[in-house]
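# Structural overview for review
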Amino acid sequence: MPEAGLPTVAGEEPAAAPPQSAPPAPSPGRAIRPPRSRFPRLESVARQLGAALLTLLVISLVTFAATNIKSPTDVARNALGRETSESQLQAYVKQHGLDKPIYIRYGNWLGDFVAGDWGTSAVTGREVRADVLPRLGKTLLLSLVALGVALPISILVGVFMARRIGSWEDLSLLIATVVLAALPEFVVGIGLLMLFAVTLHWLPVDSTALSFGTTVEKMKAYVLPTLTLVIAMVPYIARIARGAAQESLAAPYTQAALLRGLPRRTVIWDHAMRNAAVPLVNAVAINLVYLLSGVIVVENVFAFPGIGQALVQAIAQGDTLTVQAIALVMGAMFIAISLAADLLVVYFNPRLKAATA
Amino acid sequence: MSTNGAPAVLEVTDLTVGYKRGDGRMNEVVWRTSFTLEAGTITGLAGESGCGKSTTALAAIGYRSPGSAILGGTSVLDGVDLLELTTPKLRSIWGSRIAYVAQSASTALNPAITVGRQLAQPLSVHLGLKGTELRARQIELLEAMGLPEPEAALDRYPFQFSGGQQQRVAIAIALSCRPQVLLLDEPTTGLDVTTQARISALLRELVRETGVATLYVSHDLALLGGLADRLAVMYAGEIVEESDAHAVTRTPRHPYTQALIAAVPSVKKPRAVAGIAGRPPSHVVLDACSFAPRCPYVLPACTADHVPLRRLNGSHSARCLRADEIAASPKATTALPIPPVTAPKPLLEVSDVWCEYGTRRSGTKPVVKGVSFEIRPGETVGIVGESGSGKSTLLRAIAGLHPPVDGALVLNGEELARSAVKRPRALRRELQLVFQNPDSSLNPRHTVEDIVGRPIRLFREDVPRTKEKDAVAELLEAVKLPGSLLVRYPAELSGGQKQRIAIARAFAARPSLLLCDEVTSALDVSVQATILELIADLAMQFETAVVFVSHDLAVVRTVATRALVMRNGEVCEEAEIEQLFAAPQHPYTRELLSAIPESIAAA
Amino acid sequence: MTSGAVANADVLEPEPLHPAEEEEDARPQSAWRTVIGNVEGQIGLVLGVLMLGLILFGRFFAPYSVTELGVGPQTAGPSTAHLLGTDNLGRDVFSRFLAGGDTILLVPLLAVTLAFVVGGGLGMLGAYARGQVDALITRTFDLLLTLPPLLLVLVIIAGLGTSKAVLVMTVALVFLPRVGRVVRGATQAVVTNDYVAAAQARGERTTAILGREVLPNIAAPAIADFALRITYGVIFVATLNFLGLGAQPPAPDWGLMVADSRNFLSVAPLATLAPAAGIAALSISFNLIADALTRHLTRETAKGVVPV
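Residues numbered from 1 in each chain as written. Chains lettered and ligands numbered in written order. Predicted model: local features only at pLDDT ≥ 70, side-chain atom pairs only at ≥ 80, totals over all residues.

As a further point, take the sheet that holds strand 9 (residues 230-235) of chain B. Residues and elements named next belong to chain B. The strand order across the open sheet built from eight strands is 6-7-8-3-9-10-12-11, with neighbouring strands paired in mixed fashion. Two strands lie at the open edges of the sheet, namely strand 6 (98-101) and strand 11 (310-313), each paired on one side alone. Sheet twist, expressed as the mean angle between neighbouring strand axes with direction ignored, is 20 degrees. In the sheet, strand 11 pairs with strand 12 (residues 316-318) via three bridges, with the strands oriented antiparallel. By the bridge assignment, Arg311 is partnered in strand 12 with Ser317. (Pairing = 2+ DSSP bridges. Helix = DSSP H or I, 4+ residues; strand = E, 2+ residues; numbered from the N terminus. Axes fitted to C-alpha atoms, helices over the stretch in contact; angles between N-to-C directions.)

This part takes up the interface of chain C and chain A. Of the residues lining the interface, 41 residues belong to chain C; the matching set on chain A comes to 50 residues. Within the residue set of the side of chain C that touches chain A, elements represented by two or more residues are helix 6 (131-146), helix 7 (149-160), helix 10 (206-242) and helix 12 (270-297) of chain C. Per-element accounting of the side of chain C that touches chain A gives the leading share, 10 residues, to helix 7 of chain C. Residues belonging to the side of chain C that touches chain A are distributed by class as follows: 28 nonpolar, 10 polar and three charged. (Contact = placed C-beta atoms within 7 Å. Nonpolar A, V, L, I, M, F, W, Y, C, P; charged D, E, K, R; others polar.)

Quick look at the packing of helix 8 (residues 193-210) of chain B against helix 21 (residues 587-595) of chain B now. Residue and element names in this part refer to chain B. Viewed as axis vectors pointing N to C, helix 8 and helix 21 meet at an angle of 50 degrees, and their least axial separation amounts to 8 Å. Here helix 8 is positioned oblique relative to helix 21, judged by the angle of their axes. In this structure, the crossing between helix 8 and helix 21 has a hand that is left-handed. Residues Val193, Thr194, Gln196 and Ala197 of helix 8 lie in contact with helix 21, whose contacting residues are Glu591, Leu592 and Ala595. (Parallel < 35°, antiparallel > 145°, perpendicular 65-115°, else oblique. Left-handed = near helix turned anticlockwise from the far one by under 90°.)

Residue and element names in this part refer to chain C. Most of helix 9 (residues 194-201) sits inside the fold, with eight of its eight residues counted as buried. Listing the buried residues of helix 9 in full gives Asp194, Tyr195, Val196, Ala197, Ala198, Ala199, Gln200 and Ala201. Two residues or fewer past helix 9, Gly203 is found with a positive phi of approximately 80 degrees. (Buried ≥ 20, exposed ≤ 12 C-beta atoms within 10 Å, placed from the backbone.)

What follows covers the environment of Asn108 of chain A. Residue and element names in this part refer to chain A. Tracing the backbone through its elements, the reader meets Asn108 in helix 4 (residues 102-115). Its 13 C-beta neighbours within 10 Å are what place Asn108 among the partly exposed residues. Measuring from C-alpha to C-alpha, the distance between Asn108 and Ser293 comes to 28 Å, with 185 residues separating the pair along the chain.

What follows concerns the packing of helix 15 (residues 448-459) of chain B against helix 17 (residues 495-508) of chain B. All names here are of chain B. Their axes nearest at 7 Å, the elements helix 15 and helix 17 cross at an angle of 20 degrees. By the angle between their directions, the pair helix 15 and helix 17 is classed as roughly parallel. In this structure, helix 15 crosses over helix 17, and the sense of that crossing is right-handed. In this structure, helix 15 contributes Val448, Ile451, Val452, Pro455 and Ile456 to the contact, and helix 17 contributes Ile501, Ala504, Arg505 and Ala508. A per-class count over the contact of helix 15 with helix 17 returns eight nonpolar, no polar and one charged.

All names here are of chain B. As defined by bridge partners, strand 13 (residues 348-357) adjoins strand 16 (residues 406-411) across five bridges and the pair is classed as antiparallel. When the bridges of strand 16 are listed, Trp354 appears paired with Asp406. Judged from the two bridges that link them, strand 16 and strand 17 (residues 414-415) form a sheet pairing that is antiparallel. Bridge pairing in strand 17 places Val410 opposite Glu415. Counting the residues between successive antiparallel strands, the hairpin from strand 16 to strand 17 contains two residues, one of them, Asn412, with a positive phi of roughly 55 degrees.

A cis amide bond links Pro249 of chain C with the next residue in sequence, Pro250 of chain C, at an omega value of 5 degrees. Inspection of the secondary structure assignment puts Pro250 of chain C in the loop between helix 10 and helix 11 (254-260). Even without being a glycine, Glu518 of chain B presents a positive backbone phi close to 50 degrees. The residue Glu518 of chain B is located in the loop between strand 19 (513-517) and helix 18 (525-542) in this model. Judged by local crowding, Glu518 of chain B falls into the partly exposed class, with 19 C-beta atoms found within 10 Å.

Rendered as structure tokens:
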């Protein structure tokens with residue numbers, strides 16, 4: 001209850017105070033029309049999941065279309081060799097159902113895939129799923145460890161730079177990010193190889209130890225690929241963090257927080273960086289897709305037995321089923337990360353959080 | 001400064017502050033400024049943009065804005081010089097013994113943290129409050145500020161409150177630890193005039209009750225005249241006059257204060273306003289009187305040497321060599337020219353116009369609801385309303401930028417198409433628009449010649465290509481700007497100059513109707529007055545009718561002969577200006593009039 | 001007839017007391033001057049020009065044939081006959097280095113230009129037109145953006161082969177939505193300004209408004225993004241070549257050279273390091289230029305950071 005004598009705030013409510021004179025009756029069709037939905041949170045989750053599934057579908061479509069663009073006889077010839085006769089080729093085509101129209105083949109493949117049957121590779125003769133799944137685990141581990149190392153380093157570096165904007169520390173780190181960000185992952189990888197494996201002999205020259213080595217050797221085999229990915233990601237993310245941190249550290253609410261006498265850590269992280277989180281997560285999510293495709297390259301440089309290496313091999317060998325499977329799996333991986341980022345954005349953005357309450 | 005007997009809490013002596021320029025040099029923006037804050041009193045610090053008042057206030061509590069440095073002086077609180085302290089020590093004083101309320105609560109309150117938590121932080125950091133005790137104090141504070149449903153408010157975010165409520169929250173946070181010193185930096189700027197009045201009243205009560213020594217920084221001299229106990233006026237980084245608030249506003253002794261008062265549009269006296277030509281220096285002037293180039297009383301002695309701040313009598317000081325001679329009352333001003341309204345037939349007829357915002361999917365909201373009015377050729381009509389009244393939308397609808405969903409617009413008997421691009425060139429020429437913000441209404445990549453020349457190229461058939469540049473130069477002269485500005489870019493001009501260019505651009509087409517959308521709201525009072533004079537002059541010269549939209553009743557009174565008052569998309573009242581001010585019919589109009597701070601008595 | 005009986009009423013604008021100190025250069029700068037005007041941009045330009053010269057004209061100075069095998073001993077170190085040594089097939093590394101950069105430069109250039117024309121045009125249109133048109137364009141961009149780039153390109157190459165045309169088209173497709181978003185964002189910032197509304201109120205046509213009012217104000221961020229995309233493009237194409245999915249042997253491409261000699265790092269490092277350095281130098285130069293542009297573009301909005 002406001003104390004007597006103090007002005008009340010009834011007139012300041014977001015809803016307008018009742019007008020002194022009755023407003024004229026609105027003509028039909030002029031009434032305020034509220035937005036349509038009635039279950040905002042459910043709708044937003046459903047929408048995001050729907051978008052994710054749609055993207056997966058598109059990836060599967062594009063992949064299938066691209067890899068199956070070759071004529072059925074070419075595929076057969078690829079699998080059986082150049083010298084096979086016409087009748088053998090036709091038999092192969094019939095046997096693998098390659099003479100059916102493409103959309104039926106797509107439907108069949110997609111249906112099988114979702115049910116768990118990823119087919120048998122025409123090139124290796126083995127079941128695709130058995131080959132791909134264990135590799136998936138190793139790639140996931142590599143990606144997540146690299147992300148787990150790169151993200152905190154980048155954010156700390158970014159905040160460090162933002163707080164000292166314009167100083168020589170900031171400028172020299174900026175130049176460092178410009179130079180490092182310009183290097184392709186394989187150049188970084190080769191450079192690290194040259195230094196740590198060839199010259200210093202501290203680490204193995206490739207990651208074949210993962211398939212048959214001791215635990216220590218396995219761990220050592222992870223180091224260079226992870227380090228390469230981290231060095232590839234940090235310059236990008238640190239720059240983004242620097243920009244977002246600078247914006248929020250220069251904002252009026254940060255000044256206000258400082259002038260409330262709050263401790264430094266609270267002002268930087270609770271007040272400033274909380275607001276920086278939204279543009280940061282958004283920008284990082286967009287770039288992540290770009291950066292994690294570096295996994296494919298890194299696996300190649302180090303002969304790391306993950307799905308990236310398998311993908312490149314499969315493309316080179318014309319192993320369409322494997323290509324399709326890996327493309328979908330990788331796509332799902334990236335989409336999961338984007339979804340996580342979207343959820344984080346809602347968590348950090350009070351307007352969205354309140355709107356979905 | 002003299003005292004009312006109240007104890008001095010914060011004593012600032014010879015404060016000097018500088019900013020580092022782009023080329024590395026130090027630019028002094030505040031020079032040897034001194035003042036004292038006393039318990040339970042409000043000391044006003046008045047001045048226009050760039051005079052250094054905000055910088056002074058922040059520096060006085062030890063805060064160094066990015067790029068600034070405190071070059072000298074002391075600021076003593078309880079025997080301790082704040083300017084000598086390091087940030088960690090200052091952290092224990094800020095928020096607990098010294099409080100700061102920033103200009104715009106919507107940006108000073110952290111948008112991502114709930115109101116409750118922002119309120120709790122200083123309480124737990126400085127006073128160590130926890131648990132139920134903390135919560136009780138939070139609710140007590142919000143109630144004291146007059147916020148409804150305090151418990152629920154604690155869990156809400158700032159964006160869920162109105163502007164006035166947000167500022168109340170900010171004040172609550174500031175006063176939460178019972179500070180000795182309160183710094184208010186334009187706390188009501190940007191709020192509606194009725195909200196302003198309420199917040200001002202709240203502040204006055206709080207200061208009396210808590211006895212906090214308050215410094216109130218504002219550009220609004222009239223507001224400070226009514227609210228503050230002591231008042232100091234700043235110009236070019238120095239205090240040029242200080243005294244009791246009444247004395248400064250009723251009997252100003254410095255030419256700048258006088259000119260500033262004369263520039264404030266008055267609600268009491270009809271149509272009297274006088275601008276100050278030129279612009280203030282961008283840094284302190286130490287070898288002459290800083291106001292000399294613009295001063296009507298200037299003598300050679302004024303430019304010879306720095307002028308000290310002299311005590312004139314008991315509590316009144318002024319930084320002027322001729323302070324004793326200057327008439328103690330503000331100089332008389334003549335009225336702005338009244339355009340004669342001769343033609344009986346209306347120029348523009350607005351009939352039952354409805355405008356909406358939004359799309360069919362996200363929901364539409366009516367913003368202008370059935371507005372009708374007329375304008376005669378050469379007439380100036382004002383449209384007054386607070387934010388959300390629909391006045392700007394109505395203007396844009398007339399201009400063809402926001403197609404109305406219903407109603408008709410008729411110019412010179414011809415119906416106007418809803419969208420500007422569909423109107424014939426002759427009609428487009430007749431209607432020209434001047435926008436509020438000069439920074440965004442001029443293309444930064446075009447020179448002044450490009451900007452003013454474009455409508456000439458498009459609409460003036462009487463000007464051949466070869467004579468275009470001359471026509472532009474003529475217009476520049478009409479808006480009192482030197483021809484050397486032809487090749488400049490907007491970034492090189494001041495706010496007042498840019499707005500003149502915008503006006504020149506509008507008159508370049510020789511329109512019969514000029515639409516002005518809050519054209520002076522973004523400008524300092526002295527600049528505003530020159531712009532108002534200019535528009536009145538040119539409208540008379542070119543026989544142009546003017547629709548003048550503003551939230552400021554006093555400004556509208558200065559330029560218009562008739563006015564409409566709008567609220568929530570509807571016209572509450574329409575009357576001749578004198579009628580409106582002398583005998584307002586609608587309760588809302590009365591509310592608006594009573595909310596205007598009126599402390600500057602006209603001669 | 002103006003009001004105010006002041007002596008200076010006739011003076012247009014009183015001269016300030018110290019006019020020389022009031023002047024600060026606030027004129028808008030062209031992109032070129034921005035790059036030239038600071039050290040980062042200068043280094044980037046010099047390096048870029050050097051690399052361009054090397055790539056375009058280096059091949060005319062090659063002492064040996066780029067494809068002939070066995071012109072020298074296998075995997076030999078540098079000598080007077082072979083400045084950078086030889087690779088595992090006895091080819092002269094120096095000659096191959098001089099000739100090896102063209103795919104890595106030209107494909108990105110073409111692809112980025114294509115992406116700007118199509119993607120940038122759509123982005124600008126969407127931001128200006130708003131409403132349904134914008135929603136459609138944004139939705140298309142968003143869809144394209146969710147597809148992982150390298151994955152997409154690999155898959156398309158798997159199907160359509162490794163010709164230069166395919167490379168250009170797929171890289172352009174990857175960049176199109178990103179460029180579109182940047183241009184759309186820049187246009188949005190411009191379009192909300194009143195000078196655009198002023199042009200609309202004058203009844204100017206859309207093409208005139210986009211060309212006269214919008215374009216000059218988005219030129220700087222667009223050029224900065226262009227340089228940045230070239231950097232990404234160089235990285236991308238070099239990576240594809242490294243994986244064997246772009247240029248094909250026996251072409252003397254830098255990416256291929258790195259892949260070929262990778263296994264002989266301990267014996268003949270220069271065969272790998274020289275082309276790697278070439279790729280690095282090219283992309284670093286463009287990145288320096290892009291960075292010089294972006295950082296100095298935002299100087300007006302670079303407010304000071306609160307001294308926490």
